[in-house]
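The lines below spell out each chain.
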Amino acid sequence: MALQSRKRRVIEMAVVYVRTPGPPWETWEILLRVLGDVTPVVEALPPNAALADVSGSVRYFGRDPVEIARLVRVRTLALYGLDCVVGVASNPMLARMAGQHGPPGAVRHVPDTPQAIAGFLNPKPVVALYGVGPKAARALCGYGLDSIGKVAGAPEATLQRILGAKTGRLVHERARGVDGTRVVPRAPRGSAGAERRFGRHEVDESVRRGALLELAVDIGRRLRADAQVARALTLTVRYADRSTTTRTRALPEPTAHTPLLAGTAQALHDALGLQRARVTALSLRAEDLMTARLSSQQLTFDRQTESARLLEPVLDRIATRWPGAVGPATLVRS
């Protein structure tokens, strides 16, 4: 118990999830604006959430964390018409888990006591534990550890044998509500990637080029949703003999424009001269990300390019609401 008390950081957090329709990047800006009036320690979780350390605000405003969470919800609703669900807890993991479920307008609080934390976590399935992916959850369920409470009651050595030393130790702590991470103010994502695996050893260059276009479309939409741009692009090619080739190229300018991302990806692919190489997977990653508003853009008098840039946000909204409804014509399958 003493060790657990030392590990737990007594820091009240609030996670805000907006559950109203609208462009996600606008929602993100609203959350940052409202939370920025309460605390300077705000971490954006695009496209529709944010995490805030309000421990300093508790002392400054003379209100407890739940009152501050209610204040954030009321301000978001009154000023912008966006209702939200708020999770409040003593560390980021518990706050995220509390705020991930519930109807808009709810403020869900997990008190910082062993009994309250155990009562909140123990009944949940193990896959609901933050940081436990499907593969780890299947491994734990295979040993009968299908709930967080059962995982919390298992010896740490047992979890390490099932999941490995590092992951087992981390899951052992989190199942007891211990989370040593901090809120990183406005931490930008450093990269965004996507991968396409082929069902066979792909030797057709046209199929690979089509896959690269799909990856560029996916990454471009995600970057625009997060209001970010990339300054470099990395292509990784995996072959049938399990070897890989990785190439990185700087973009002409920071961008989230799909045609520029796709053109650079195709240039990287063509420069490899793969010819009849047996390819099993292609991975594309946008590197060195930065906030879009801080980037500069080369002026152009090409009306077609400018029109495409203006049209992209509209197409993104359509794709979000009706997946598969829009996309490059070359990807349409008859």
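Computed from a predicted model, the values in this text were never measured in an experiment.

Go over the overall build of the protein chain, please, and point to the residues and values.
The helix and strand tally for the protein chain stands at 13 helices and 10 strands. Here the protein chain holds 334 residues, and 44% of them are scored as buried. Here the analysis covers contacts within the protein chain between residues at least 6 apart in sequence; of these, 66% occur between residues at least 24 apart. As displayed, the protein chain offers around 17500 Å² of accessible surface, 54% of which is attributable to carbon and sulfur atoms.

Lay out the packing of aromatic side chains in plain terms, naming residues and giving numbers.
Under the counting rule described, the total for this entry stands at one aromatic pair. Pairing Tyr60 with Phe61 gives two aromatic rings, centres 5.1 Å apart and planes at 85 degrees, and the pair type is edge-to-face.

Which residues make up helix H10 (residues 165-174), and what are the values?
Of all the positions in H10, only Gly168, Val171, His172 and Arg174 are classed as buried. On its buried face, H10 is in contact with helix H5 (92-99), helix H6 (114-121), helix H8 (148-153) and helix H9 (156-163).

Describe in detail the nonpolar core, supporting the description with residues and values.
Counting 31 residues, the largest nonpolar core has Leu223, Leu282 and Leu284 as the members making the most contacts within it. Listed by contribution, the elements that provide at least two residues to this core are strand E6 (191-202), helix H11 (205-225), strand E7 (228-239), helix H12 (258-271) and strand E9 (279-287). Ranked by residues supplied to this core, first place goes to H11 with eight residues. Not counting residues up to four positions away in its chain, the partners in contact with Leu282 are Ala194, Glu195, Arg196, Phe198, Arg208, Ala211, Leu212, Leu215, Leu235, Thr236 and Val237. Core analysis: the second largest hydrophobic core is formed by 30 residues, Leu45, Ile117, Ile148 and Ala154 among them.

Report on the packing of H11 against H12, specifying residues and quantitative values.
Look at H11 against H12: their axes get within 8 Å of each other, and the N-to-C directions meet at 145 degrees. H12 is crossed by H11, and the crossing has right-handed handedness. Taking contact as the criterion, the partners of Glu205, Arg208, Arg209, Leu212, Leu213, Ala216, Val217, Ile219, Gly220, Leu223 and Arg224 in H11 are, on H12, Thr258, Leu261, Ala262, Ala265, Gln266, His269 and Asp270. Taken together, the residues of the contact of H11 with H12 sort by class into nine nonpolar, four polar and five charged.

Now, about the environment of Arg176: what can you tell me, with residues and values included?
Structurally, the position occupied by Arg176 is in the loop between H10 and E6. For Arg176, a relative accessible area of 26% puts it in the partly exposed group. The sequence separation of Arg176 and Pro114 amounts to 62 residues, and the corresponding C-alpha distance is 8.4 Å. Separated by 2.9 Å, the side chains of Arg176 and His172 make a polar contact.

Tell me what's going on with the packing of H9 against H10, and back it up with residues and numbers.
Relative to each other, H9 and H10 sit at 135 degrees, their axes nearing to 7 Å. Between H9 and H10, the crossing angle belongs to the class labelled oblique. Seen along the crossing, H9 lies across H10 with a hand that is right-handed. The residues of H10 that touch H9, namely those facing Glu156, Leu159, Gln160 and Leu163, are Ala165, Thr167, Gly168, Arg169, Val171 and His172.

Could you give an account of a nonpolar patch on the surface, naming the residues involved and the relevant values?
The grouping of Leu311, Val314 and Leu315 at the surface amounts to a nonpolar patch, some 220 Å² of accessible area in total. Mapping Leu311 onto the fold places it in helix H13 (residues 303-321). Leu311 gets classed as partly exposed once you look at its relative accessible area, which sits at 44%.

Requested: an account of the confidence of the model for the protein chain, with residues and values cited.
With 79% of its residues at a pLDDT of at least 70, the protein chain reaches an overall mean of 81. Per-element averaging of pLDDT across the protein chain places helix H1 (residues 2-7) at the bottom with 40 and H8 at the top with 95. The low-confidence segment residues 1-12, where pLDDT is below 50, has 30 contacts with residues more than four positions distant or belonging to other chains. Here residues 19-25 is modelled with pLDDT under 50, and outside its nearest four sequence neighbours on either side it reaches 16 contacts, counting other chains as well.

Criteria and cut-off values
- Residues numbered from 1 in each chain as written.
- Predicted model: local features only at pLDDT ≥ 70, side-chain atom pairs only at ≥ 80, totals over all residues.
- Heavy atoms only, no water.
- Helix = DSSP H or I, 4+ residues; strand = E, 2+ residues; numbered from the N terminus.
- Buried < 20%, exposed > 50% of the residue type's maximum accessible area, 1.4 Å probe, protein only.
- Contact = heavy atoms within 4.5 Å.
- Areas by Shrake-Rupley, 256 points an atom, 1.4 Å probe, with all protein chains shown as cover.
- Phe/Tyr/Trp six-rings, centres within 6.5 Å; stacked < 30°, edge-to-face > 60°.
- Core = buried A, V, L, I, M, F, W, Y, C linked by side-chain atoms within 4.5 Å.
- Axes fitted to C-alpha atoms, helices over the stretch in contact; angles between N-to-C directions.
- Left-handed = near helix turned anticlockwise from the far one by under 90°.
- Nonpolar A, V, L, I, M, F, W, Y, C, P; charged D, E, K, R; others polar.
- Polar contact = N/O pair within 3.5 Å; in protein donor to acceptor, adjacent residues only side chain to side chain.
- Parallel < 35°, antiparallel > 145°, perpendicular 65-115°, else oblique.
- Patch = residues over 30% accessible without salt bridge, like charges linked within 9 Å, V, L, I, M, F, W, Y side chains within 5 Å.
- Salt bridge = Lys/Arg side-chain N within 4 Å of Asp/Glu carboxyl O.
- pLDDT = per-residue confidence, 0-100.

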